[in-house]
Amino acid sequence: MSTKQPFNLTNNWIVLNKTNATKEGHTFSWSFEVKNPSEYVLQVVTKDTSFTDNKTATVKLEGQEFEASLSKNYVINGNEIVSEFKNIIPLKKTEKQTLSITTDADFKSLRFIPHFKKPIGSGKYHQEWLAMHQSKEKQEALKRFKEAKLGMFIHWGLYSQAGGIWKGTKINNAPHPGPKVAEWLMYAFQIPREDYRALAKTFNPDKSFAQNVVKLAKDVGMKYIVITSKHHDGFALFNSKHSEFDIVDATPYKADIVKELYNACLEEGIDFGVYYSHGNDWMDGADGNYKNIKKINDSLGIYTHPNGKNLWDPSENTHESYLENKAYPQIKELLTMLPELRLIWFDGTGFTTEAQAFEFYKLVYDNNPNVLVNRRVGYAFGDYLDAGDNKIPSASETLEKYWETCGTTNNSWGYKSYDEDWKSPKELLYYFVDILSKGGNYLLNIGPDGKGYVPETSAENLREMGKWIHQNADAVYGTTRWKIPNEGQEETLLEGTGHRAAKGFKRDFTSKDFWFTAKEHKVYAISLTQTEGDILIKSLKKGEGDIEQVKLLGSDKILSWNQNKNGLQTTITGVPKDALGYVIEVTLKNN
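Because the structure is a prediction, the values reported are computed rather than measured. (Residues numbered from 1 in each chain as written. Predicted model: local features only at pLDDT ≥ 70, side-chain atom pairs only at ≥ 80, totals over all residues. Heavy atoms only, no water.)

S.K.: Before we move on, could you go through helix H11 (residues 425-437) and cite the residues and values that matter?
M.R.: When the terminal C-alpha atoms of H11 are compared, their 18 Å separation across 13 residues agrees well with the 18 Å that a helix rising 1.5 Å per residue should span. Across the 13 residues of H11, 12 count as buried, placing the element largely inside the fold. Among the residues of H11, Pro425, Glu427, Leu428, Leu429, Tyr430, Tyr431, Phe432, Val433, Asp434, Ile435, Leu436 and Ser437 are the ones counted as buried. Looking one or two residues past H11, Gly439 carries a phi angle of roughly 85°, positive in sign. (Helix = DSSP H or I, 4+ residues; strand = E, 2+ residues; numbered from the N terminus. Expected span 1.5 Å × (residues − 1). Buried < 20%, exposed > 50% of the residue type's maximum accessible area, 1.4 Å probe, protein only.)

Shown next as structure tokens:
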């Protein structure tokens, strides 16, 4: 038996005691250092005997200021009240910071607690992880991934048959909280496991599924495909010896569709990856370890988020036994079955511990060191970052690893039969170009229906976008971020699936808007207009590189140009009226 002490979560807290503060009237101030830059929440701890509900407190921190009423969120140590501010506070700097709180509440201390979505580990596995991450195999895989730029995400499973509707009720009107995207059907309606399992009896997709989606990916110019081999519902789209809840054992299809898609990708030269929900499994993952975690968190006075946990009909096993008997073995099955697998896209981190997250990463590396692992494996063990669902980082953000944005073509990942809010080819292309200019990848989703057919409008819009990509491939694949990402209007930030669903997309493109990518001694200036006539690219003014040649990408036409203090001036003609935009290729002298 191990004698090692478990990692103490409180080691990563920042605690500011009132007795150490500088006091001026009702204002208390501290200077402190941040050892672990991350996102935090701020709490006030008060003795029970002196706590008064709704006392106000104003906090100032490095230019930020917010005010809240103190309320009784938790009771800890028998007689202490914990009040938590709603603000998420990013503490990015490691040098000293200054915080002050103004309140007449008789508090004991302030605590910065890592936000539940950004847990901070002990660091004990970091060196071992780093050696694997920096291995020749991983770095070559990462180089290939960086050059690919555009991938296809496929959310598909038993839920696809329902189309976002259960017993006549749309998922947007489901009685329980949580995401209203179609693949969360079981959770949104709290469907009992046996009722949900029955959906497998009618899951019998068209045999042409694999060929159809690979052809679509080729038409669009997507270089890799990632499919949901197992989503949160626990159903596997591959033949598994460690669960009968899979496409071979439980459905009339009786064949391994992951293997079929893998083979179709290899034939067409498309890289293949699998999505795997390791933290959430509503069929076999018990309560996701919720009760055990909540007991500990309640004693510490910190929030336990129930989102994504099966609390209505959990399986009778423990979450740890689910990991040992299903999740770890299924990852090994996939790695063995798919020797040329390129990527495992983990999801549903939930209450996965630091040790468990590391075990998943190491399991992948030990079986095939050429396979990349994404951020959501947990605890910063990913080989690259994702910016979030339908989120694009701002141009000013600095990310410590290469990154990818995953996005939808409407407002759901799985097939939602009534969601016709399709993103136009121009909107999809704008997001892709914005991502390219900032140096990332775009993993763009399709949600086939229960038969495996991709909604027609989704496929049409993707193919229209693909025409531009094929014509301007040199400005896409293998490119990197230039010295600046864009000029012209300010960026239109994409801030999540729900944000786009609520706000829609409103942006006009002008002849003064350009996005840039670079490759070797070439710079690509991308416009999303059909401009005819004179243009000025300000960022390529004199002093920003000696220009050798300027041409319109996709044609053999060499353009006349003039580089001066105002920018690069040239004249554009012959852009088709139905084009989504054009690209100017600027070759710089190699000096």
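S.K.: Summarise the sheet that holds strand S17 (residues 343-347); cite the residues concerned and give the values.
M.R.: Strands sit in the order S18-S17-S16-S15-S12-S21-S20-S19 across an open sheet of 8 strands; the sheet is parallel. Both outer strands of the open sheet, strand S18 (372-373) and strand S19 (385-389), are each paired with one neighbouring strand and no more. Across 4 bridges, strand S12 (residues 150-154) lies against strand S15 (residues 224-230) in parallel orientation. When the bridges of S15 are listed, Phe153 appears paired with Val226. (Pairing = 2+ DSSP bridges.)

S.K.: Give me the lowdown on the pairing of S17, citing residues and values where you can.
M.R.: Strand residues, when the strand is regular, have side chains that alternate between the two faces of the sheet. Within S17, 5 of the 5 residues are buried, leaving the element largely enclosed by the surrounding structure. The two faces of S17 match: Leu343, Trp345 and Asp347 on one face and Ile344 and Phe346 on the other face are all buried. Regarding topology, helix H10 (residues 354-367) serves as the crossover connection from S17 to the parallel S18, and that connection is right-handed. (Right-handed = clockwise from strand over helix to strand, strands pointing away.)

S.K.: Kindly report on the packing of aromatic side chains, identifying the contributing residues and their values.
M.R.: All told, the structure shown has 38 aromatic pairs when counted by the stated rule. Here Tyr262 and Phe272 contribute two aromatic rings whose centre-to-centre distance is 5.7 Å and whose plane-to-plane angle is 75°, an arrangement assigned as edge-to-face. With Tyr262 in helix H7 (residues 257-268) and Phe272 in strand S16 (residues 271-277), this residue pair connects regions lying 10 residues apart in the sequence. Classification of Phe272 by relative accessible area gives buried; the value is 2%. Taking the ring centre of Tyr477 as reference, the NZ or CZ of Lys223 above it sits at 4.5 Å. (Phe/Tyr/Trp six-rings, centres within 6.5 Å; stacked < 30°, edge-to-face > 60°. Lys NZ or Arg CZ within 6 Å of the ring centre and 35° of its normal.)

S.K.: Can you explain unusual backbone geometry? Please cite residues and give values.
M.R.: A positive phi angle, close to 45°, is found at Gln190, a residue other than glycine. For Ala380, which is not a glycine, the phi torsion comes out positive at approximately 60°. Structurally, the position occupied by Ala380 is in the loop between S18 and S19. For Ala380, a relative accessible area of 55% corresponds to the exposed category.

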